[in-house]
Amino acid sequence: MALQLGRLFRSSPASLLGIDIGVASIRIIELAPLGKDLRIERYAREPLSQGALRDGSIIEFGQVADGLRRALKKSGSRLRQAALAMPSGAVITKAFNLPDHLSEDEWEMQIEAEVGQSLPFSRDEISLDFGVIGPSRTAPGSIDFSLVAARKEKIDERLALAEAAGIKAMVMDV
């Protein structure tokens with residue numbers, strides 16, 4: 001199931017932090033609903049020392065956790081619920097289509113079969129999600145899907161980092 005930020009705010013009027021942990025810095029943004037739009041309430045950027053992250057992996061956990069706490073303090077936000085971003089190098093994405101006459105249960109079975117055939121990791125090592133893109137433009141009578149998979153250890157790494165900074169991850173995004 002794909003999460004759209006607009007839906008998140010329609011179902012809950014609460015604000016949310018967005019956290020992106022990159023090789024060079026941590027960026028935090030606080031978004032709040034403003035009618036049908038979103039408004040930036042706060043923003044902070046905290047540089048990271050070279051080598052703290054490598055290829056999307058956290059090498060120096062303590063340094064990155066301290067950087068996240070500093071960025072949070074710099075932002076001035078009191079929020080502790082956040083959407084975390086996974087680095088693109090830590091996820092596998094794949095687009096494919098399925099016949100539009102299948103039920104949701106049949107879609108899920110087909111997607112599980114697709115995962116088993118096309119991903120280089122065993123199913124128990126990964127977390128996956130999929131979203132409906134819409135009617136296929138290239139295959140009439142089909143629905144296009146997007147599949148996103150990430151190793152559980154990479155997700156757990158980000159969740160542990162958030163927890164170390166006193167943040168509750170509500171959304172994991174790519």
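Predicted model only: the values in this text are computed from it and were never measured.

1. Regarding the overall build of the chain
Along the backbone of the chain there are four helices and ten strands. Along its sequence from the N terminus, the chain presents helices and strands in the succession α-β-β-β-β-β-α-β-β-α-β-β-α-β. Oriented by its inertia axes, the alpha-carbon framework of the chain measures out at about 50 × 40 × 25 Å. Sorting the 174 residues of the chain into buried and exposed places 38% on the buried side. In the chain, of all internal contacts separated by at least 6 residues, the share reaching a separation of at least 24 is 59%.

2. Quick word on the pattern of salt bridges
A complete count under the given rule lists ten salt bridges for this structure. Glutamate 46 is the partner of arginine 70 in a salt bridge, and the nearest nitrogen-oxygen pair spans 2.8 Å. With arginine 70 in helix H2 (residues 61-75) and glutamate 46 in strand S3 (residues 37-47), this pair connects stretches of sequence that are 24 residues apart. Judged by its relative accessible area of 42%, arginine 70 is partly exposed. Its relative accessible area of 8% is what places glutamate 46 among the buried residues. Put simply, Glu46, Arg70 and Lys74 are held in one network by salt bridges that share partners.

3. Quick word on the sheet that holds strand S7 (residues 91-99)
Across the sheet, which stays open at both edges, the three strands sit in the order S7-S9-S8 with antiparallel pairing between neighbours. Looking at strand neighbours, the two that pair on one side only are S7 and strand S8 (126-135), the edges of this open sheet. Across this sheet, the average inter-strand angle for adjacent strands is 25°, counted without regard to direction. Both S8 and strand S9 (residues 142-151) contribute to a ladder of nine bridges, which runs antiparallel.

4. Points about helix H4 (residues 152-164)
The terminal C-alpha atoms of H4, which comprises 13 residues, lie 18 Å apart, in line with the 18 Å expected from a rise of 1.5 Å per residue. Count one or two residues on from H4 and you reach glycine 166, which has phi positive near 80°.

5. Points about the packing of H2 against H4
Two elements in contact, H2 and H4, have axes separated by 9 Å at closest approach and are oriented at 55°. Taken together, the axes of H2 and H4 are oblique relative to one another. For the pair H2 and H4, the crossing hand works out as right-handed. On H4, the residues that touch Phe61, Val64, Ala65, Leu68 and Arg69 of H2 are Glu157, Ala160, Leu161, Ala162 and Ala164. Across the contact of H2 with H4, the residue classes break down as eight nonpolar, no polar and two charged.

6. What to know about the packing of aromatic side chains
Considering all chains together, one arrives at three aromatic pairs under this definition. Between tryptophan 107 and phenylalanine 145, the aromatic rings sit 5.0 Å apart at their centres with planes inclined by 75°, giving edge-to-face as the arrangement. Taken as a pair, tryptophan 107 in helix H3 (residues 104-118) and phenylalanine 145 in strand S9 lie far apart in primary sequence, 38 residues in all. Here tryptophan 107 falls in the buried class, since its relative accessible area comes to 14%. Overall, phenylalanine 145 belongs to the buried group, its relative accessible area being 0%. These aromatic residues form a ring-pair network of at least three members: Phe96, Trp107, Phe130 and Phe145.

7. Quick look at a negative patch on the surface
On the surface, a cluster of negative charge is contributed by Glu104, Asp105, Glu106 and Glu108. Here glutamate 106 is to be found in helix H3.

What counts as what
Residues numbered from 1 in each chain as written. Predicted model: local features only at pLDDT ≥ 70, side-chain atom pairs only at ≥ 80, totals over all residues. Heavy atoms only, no water. Helix = DSSP H or I, 4+ residues; strand = E, 2+ residues; numbered from the N terminus. Buried < 20%, exposed > 50% of the residue type's maximum accessible area, 1.4 Å probe, protein only. Contact = heavy atoms within 4.5 Å. Salt bridge = Lys/Arg side-chain N within 4 Å of Asp/Glu carboxyl O. Pairing = 2+ DSSP bridges. Axes fitted to C-alpha atoms, helices over the stretch in contact; angles between N-to-C directions. Expected span 1.5 Å × (residues − 1). Parallel < 35°, antiparallel > 145°, perpendicular 65-115°, else oblique. Left-handed = near helix turned anticlockwise from the far one by under 90°. Nonpolar A, V, L, I, M, F, W, Y, C, P; charged D, E, K, R; others polar. Phe/Tyr/Trp six-rings, centres within 6.5 Å; stacked < 30°, edge-to-face > 60°. Patch = residues over 30% accessible without salt bridge, like charges linked within 9 Å, V, L, I, M, F, W, Y side chains within 5 Å. Areas by Shrake-Rupley, 256 points an atom, 1.4 Å probe, with all protein chains shown as cover. Lys, Arg positive; Asp, Glu negative; His and termini not counted. Charge placed at Lys NZ, Arg CZ, Asp CG, Glu CD.

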